[in-house]
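# Geometric and topological summary
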Amino acid sequence: MNIQTIMVIGAGQMGSGIAQVCAMAGYSVYLHDLKEEFVEKGMNIVHKNLSRQVEKGRMTEEEKGAVLDRLTASTELKNAEKCDLIIEAVVENMEVKTNLFKILDEFAPEHAILASNTSSLPITEIAAATKRPEKVIGMHFMNPVPVMKLVEIIRGLQTADEVYETIEAVSRKLSKVPVEVNDFPGFISNRILMPMINEAIFAVYEGVATPEAVDEIMKLGMNHPMGPLTLADFIGLDTCLYIMETLHEGFGDDKYRPCPLLRKYVKAGWLGKKSGKGFYDYQAN
């Protein structure tokens, strides 16, 4: 299957990063969002990232210009008609994603692959919203996308071998390392990471240690580059809670029960770095 044009839906941090690496790999890319200001913000993120690469001598101004020339802003889902691969990177909500995939199924050409960057939701259920479940697949990038090498590729129940092989080849062309995972709640990355973060929150909740102490122990004792509570703040505590709820519901096992302190912080609007406060205070930064 020949992939030449890619549409990335969702121009936030993840979507703009995916669009950037796709354009850098030589693909023509539509970066899509609901409003022009959202797309413009995403384009500015890409521009800033590429300018940093030029400053560091990793890219010339001409190469930067060529990458930007391959990027097209989009606010019309009808642009999916021109694409061979569509990568969805919208909010982590099943209803939102299935509604989007229903629409994409109507617009995208018959040969097009529909991929989801979901971090925890079942690909099989997303695929069931379309008339092409064999062409639906999970393509879970890590944040920040231009830096992190892993792409978790998730097969749905009906994902065709040819579709998997195409996405594996695309991932390699993006200079990523594709790793195949079957369709279970949280896949592998978040099935292992999120319970660790949740347990770190329980340690704070139970008064075992401060957030600073928990993070120092994991960094210095376990050689983690970032402590679990700092990482939770960077991911977003609302996202952490949503993934824990997905794991808890999906497996029906109380070992995935979200910590009450995590729920409390989310209800308070303490979502981490993006809101200015989580386990740490970012408002002065």
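Each residue is numbered by its place in its chain's sequence as written, counting from 1. The predicted origin of the model limits local features to residues at a pLDDT of at least 70 and limits the giving and counting of side-chain atom pairs to 80 or more, whereas totals for whole chains, interfaces and linings rest on all residues. Here the side-chain values reflect all heavy atoms present in the structure, with hydrogen atoms and water set aside.

## So, the packing of helix H10 (residues 237–251) against helix H11 (residues 260–267)
Throughout, an axis means a line fitted to C-alpha atoms (over the contacting stretch in the case of helices), and angles, computed between N-to-C directions, take values from 0 to 180 degrees. Only DSSP runs of H or I with at least four residues qualify as helices, and only runs of E with at least two residues qualify as strands; both kinds are numbered from the N terminus onward. The contact between H10 and H11 brings their axes to 9 Å, and the two run at 135°. Between H10 and H11, the crossing angle belongs to the class labelled oblique. Seen from above, H10 lies across H11 with left-handed handedness. Where H10 abuts H11, its residues Leu-237, Asp-238, Cys-240, Leu-241 and Glu-245 lie against Leu-262, Arg-263, Tyr-265 and Val-266. We call Asp, Glu, Lys and Arg charged. Ala, Val, Leu, Ile, Met, Phe, Trp, Tyr, Cys and Pro are nonpolar, and the rest, Gly among them, are polar. Among the residues making up the contact of H10 with H11, the classes are represented as six nonpolar, no polar and three charged. When describing relative orientation, an angle under 35 degrees is termed roughly parallel and one over 145 degrees roughly antiparallel, while 65 to 115 degrees is termed roughly perpendicular and anything else oblique. Handedness of a crossing is defined here by the sense of rotation of the near helix relative to the far one, left-handed for an anticlockwise turn of less than a right angle and right-handed for a clockwise turn. Here, two residues are considered to be in contact whenever any of their heavy atoms come within 4.5 Å of each other.

## Digging into the UniProt feature "site: Important for catalytic activity" (unreviewed entry) in the chain
UniProt positions are given in the numbering used here, feature names are shortened, and annotations may be inferred rather than shown by experiment. Mapped onto the present numbering, the UniProt feature "site: Important for catalytic activity" (unreviewed entry) falls at His-140. Relative to the helices and strands, His-140 resides in strand E6 (residues 136–141). Burial classification: accessible surface area is computed with a 1.4 Å probe over protein chains only, and a residue below 20% of its type maximum counts as buried, one above 50% as exposed, and the rest as partly exposed. Under the relative-accessibility criterion, His-140 is labelled buried at 6%. Look past the residues within four positions of His-140 in its chain and what remains in contact with it is Ser-116, Asn-117, Thr-118, Ser-119, Leu-150, Val-151, Glu-152, Ile-154, Phe-187, Ser-189 and Asn-190.

## Focus on the nonpolar core
Residues belong to one nonpolar core when they are buried, are Ala, Val, Leu, Ile, Met, Phe, Trp, Tyr or Cys, and are joined through side-chain atoms within 4.5 Å. Tyr-27, Leu-85, Ile-87, Met-139, Phe-141 and Leu-174 are the most contacted members of the largest nonpolar core, which has 38 residues in total. With six residues, helix H1 (residues 13–24) is the single largest residue contributor to this core. Of all hydrophobic cores here, the second largest spans 24 residues; its members include Ile-197, Val-204, Cys-240 and Tyr-282.

## Here we look at helix H9 (residues 228–235)
All of the buried residues in H9 are Pro-228, Leu-229, Thr-230, Ala-232 and Asp-233. At its buried positions, H9 is contacted by helix H7 (189–205), helix H8 (211–222) and H10. Backbone geometry just downstream of H9 places Gly-236 in the positive-phi region, at approximately 110°.

## Examining the pattern of salt bridges
A side-chain nitrogen of Lys or Arg and a carboxyl oxygen of Asp or Glu constitute a salt bridge if their distance falls within 4 Å. Counted according to the given criterion, the structure contains 12 salt bridges. For Arg-132, the salt bridge is made with Asp-105, and the minimal N-O distance between the two is 2.6 Å. Within this pair, whereas Arg-132 is found in the loop between helix H5 (123–127) and E6, its partner Asp-105 is found in helix H4 (residues 94–107), the two being separated by 27 residues in sequence. Take Arg-132: its relative accessible area is 7%, and that puts it in the buried class. Taken together, the shared-partner salt bridges connect Glu-88, Glu-92 and Lys-97 into one network.

## Observations concerning the UniProt feature "domain: 3-hydroxyacyl-CoA dehydrogenase NAD binding" (unreviewed entry) in the chain
Within this numbering scheme, the UniProt entry marks residues 6–183 as carrying the feature "domain: 3-hydroxyacyl-CoA dehydrogenase NAD binding" (unreviewed entry). Annotated as residues 6–183, this span is 41% helix and 22% strand, and its ends, taken at the C-alpha atoms, are 24 Å apart.

## Quick word on the domain arrangement of the chain
Domain delimitation in this document rests on an assignment produced automatically or drawn from a domain database. Under the domain assignment used here, the chain contains domain 1 (5–182) and domain 2 (190–275). Each partner contributes to the interface: domain 1 provides seven residues, whereas domain 2 provides four residues. Applying the counting rule to domain 1 against domain 2 returns zero salt bridges. Identification of polar contacts relies on pairs of N or O atoms within 3.5 Å, with a donor-acceptor requirement for protein atoms, meaning one able to donate a hydrogen and the other able to accept it, and with residues adjacent in sequence counted only if both atoms are side-chain atoms. Across the domain 1-domain 2 interface, the total number found is two residue pairs in polar contact (both at pLDDT 80 or more). Among the residues forming the side of domain 1 that touches domain 2, the class breakdown is two nonpolar, four polar and one charged.

## A few points about the environment of Pro-211
Take Pro-211: it is sitting in helix H8. When residues no more than four places from it in sequence are discounted, the contact partners of Pro-211 are Val-204, Leu-229, Phe-279 and Tyr-280.

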